[in-house]
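# An overview of the molecular structure
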Amino acid sequence: MRRVVVTGLGCVSPVGNSVEETWNSIKEGKSGVGPITHYDSTPFKVKYAAEVKNFDPALYMDTKAARKMARFTKYAVAAAKMALEDSKLIDNKEVLEDTAIYLGVGIGGFEVTEDSLGSYFKSEKTRIPPMTVPMLIPNEAAGNISICFGVHGATHTVSTACASGTDAIGDALDQIRCGRYDVILAGGAESTQNGFANLGFSVLQALSTKWTDCPEKASRPFDKERDGFIMGEGGTILVLEEYEHAKARGAHIYCEVAGYGASTDGYHLTAPNPDGICGAKAMTIAMKDAGIKPEDVTYYNAHGTSTHLNDSGETKMLHIAFGDAASKLHISSTKSMTGHCLGNAGALEAMICVKAVEEDFIPPTINLDNPDVEGGCDLDYTPNKGLNIPVDVAMSGNFGFGGHNGILVFKKIK
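Residues numbered from 1 in each chain as written. Predicted model: local features only at pLDDT ≥ 70, side-chain atom pairs only at ≥ 80, totals over all residues. Heavy atoms only, no water.

### Some remarks on the pattern of salt bridges
All chains considered together, the criterion is met by 17 salt bridges. For the salt bridge of lysine 224 with glutamate 374, the shortest nitrogen-to-oxygen distance reads 3.1 Å. Taken as a pair, lysine 224 in the loop between α9 (195-202) and β7 (233-242) and glutamate 374 in the loop between α14 (345-359) and β11 (393-400) lie far apart in primary sequence, 150 residues in all. By relative accessible area, lysine 224 is classed as partly exposed at 35%. The partner of lysine 355 in a salt bridge is glutamate 359, with the nearest N and O atoms 3.3 Å apart. One end of the pair is lysine 355 and the other is glutamate 359, both in helix α14 and 4 residues apart, which spans about a single turn. The buried category is assigned to lysine 355, whose relative accessible area is 10%. The exposure class assigned to glutamate 359 is partly exposed, which follows from its relative accessible area of 33%. Taken together, the shared-partner salt bridges in this structure form one network comprising Lys27, Lys355, Glu358 and Glu359. (Salt bridge = Lys/Arg side-chain N within 4 Å of Asp/Glu carboxyl O. Helix = DSSP H or I, 4+ residues; strand = E, 2+ residues; numbered from the N terminus. Buried < 20%, exposed > 50% of the residue type's maximum accessible area, 1.4 Å probe, protein only.)

Here it is in structure tokens:
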């Protein structure tokens, strides 16, 4: 079977506008959560979020083109440029001609939808901005990456809610393995930083509300005081490449993408199945695909949303899938720092796993002051301080509304 490796990374996140800045923030346990600034949060109960900060589209793309992009697309294009530069492929027209794009997007141009509906109703249903539809559709980001960088293979948008970024990378892995492509840009992008999304998730009672005076403490996966997730945003791209193709051109190889597993709960639209069996099934499939055993995994980057149902349910999945090895597994939720980036979450956390393997570092779960052991959170979640230990194998898990479960496995290249 053809092996697949990572040869480029690009990232825009709530804790940094580059891979280096994001990774350094993660290692330092820096929170990206703060008061909402992208829109007026006065009418809403939720007053804080994990926003991208000081992002200048002009650094990554033509400003005229950027005016016709939704926010999530700008993040995706910026991340793609960084990843292509990192992989030394940005000027390789021959390779890019046959490169594909697999991008996970949960919702798309949500702020465009909100603004355009405002115009629609204020004008008594006679006017909307002319670029409304091209800007709000989820596949806009992949299309703009293709236009900006001359990537002319297939462009696919994967939408499986919070598992979108994970599933996009998993689908890309399979496409390279089967020989359809040698290089694929895979990742995710999302921005739901607007009032409509704020209210939409609030009425589901999914968002944290009680940390207005100290928002940096609001995202606290596995902690007794958790009260909901924090909305994040951003874009992340991984350059996936067939191993021999990467070696032949002398590419820097970060690690191997060794396995992927997916399943669906078939239980509830918003709540995970409390028995954890289907999520554990995805973990088991991914490990089998990677040719590893539970005891081979050093680090698991948890979905860890800071909600009661997810954190206890995910812990149950780990107990089922890993058995006795679960107690020795190093786990963390980097959403404690980045918030929940929805369609970008799986891609961002995949990038974090890549760096964890490359640099032999286990990121912390910050704000984990009192683990909810009585509530079922009884494993090692790396509280508040990261660890410098060898990381040969890392896994990342993401679970989305609709019961989507996605797992990726990353290994040191050997």
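### Overview of the pairing of strand β4 (residues 100-104)
When you tally the buried positions in β4, you get 5 out of 5 residues, the bulk of the element. Alternating residues of β4 divide into Ala100, Tyr102 and Gly104 and Ile101 and Leu103, and every residue in both groups is buried. Across 5 bridges, the pairing between β4 and strand β6 (residues 183-191) is parallel. By the bridge assignment, leucine 103 is partnered in β6 with glycine 187. (Pairing = 2+ DSSP bridges.)

### Here's the deal with the nonpolar core
The nonpolar side chains of soluble globular proteins are, as a tendency, buried together. Ranked by internal contacts, the top residues of the largest apolar core, which has 44 residues, are Val6, Leu238, Leu240 and Phe410. Top contributing element to this core by residue count: α14, with 9 residues. When near neighbours in sequence (up to four residues on either side) are disregarded, leucine 240 contacts Val4, Val5, Val6, Ile169, Ala172, Leu173, Ile176, Asp182, Val183, Ile184, Ala186 and Val257. Residues Val52, Tyr75, Leu103 and Ala142 belong to the second largest nonpolar core, which totals 36 residues. (Core = buried A, V, L, I, M, F, W, Y, C linked by side-chain atoms within 4.5 Å. Contact = heavy atoms within 4.5 Å.)

### Section: the packing of helix α8 (residues 164-177) against α14
Running from N to C, α8 and α14 cross one another at 65°; their axes reach a closest spacing of 5 Å. Judged by the angle between their axes, α8 and α14 are roughly perpendicular. Note on element contacts: α14 touches α8 through Gly346, Ala347 and Ala350, opposite Gly165, Thr166 and Ile169. Each residue belonging to the contact of α8 with α14 can be placed in one class, and the counts come to 3 nonpolar, 3 polar and no charged. (Axes fitted to C-alpha atoms, helices over the stretch in contact; angles between N-to-C directions. Parallel < 35°, antiparallel > 145°, perpendicular 65-115°, else oblique. Nonpolar A, V, L, I, M, F, W, Y, C, P; charged D, E, K, R; others polar.)

### A look at unusual backbone geometry
Here glutamine 205, not a glycine, exhibits a phi torsion of approximately 60°, which is positive. As for its placement among the helices and strands, glutamine 205 is situated in the loop between α9 and β7.

### Considering helix α7 (residues 140-149)
Here α7 lies mainly inside the structure; 7 of its 10 residues are buried. Taken together, the buried positions of α7 are Glu140, Ala141, Ala142, Asn144, Ile145, Ser146 and Phe149. A positive backbone phi angle near 65° is found at glycine 150, which sits one or two residues after α7.

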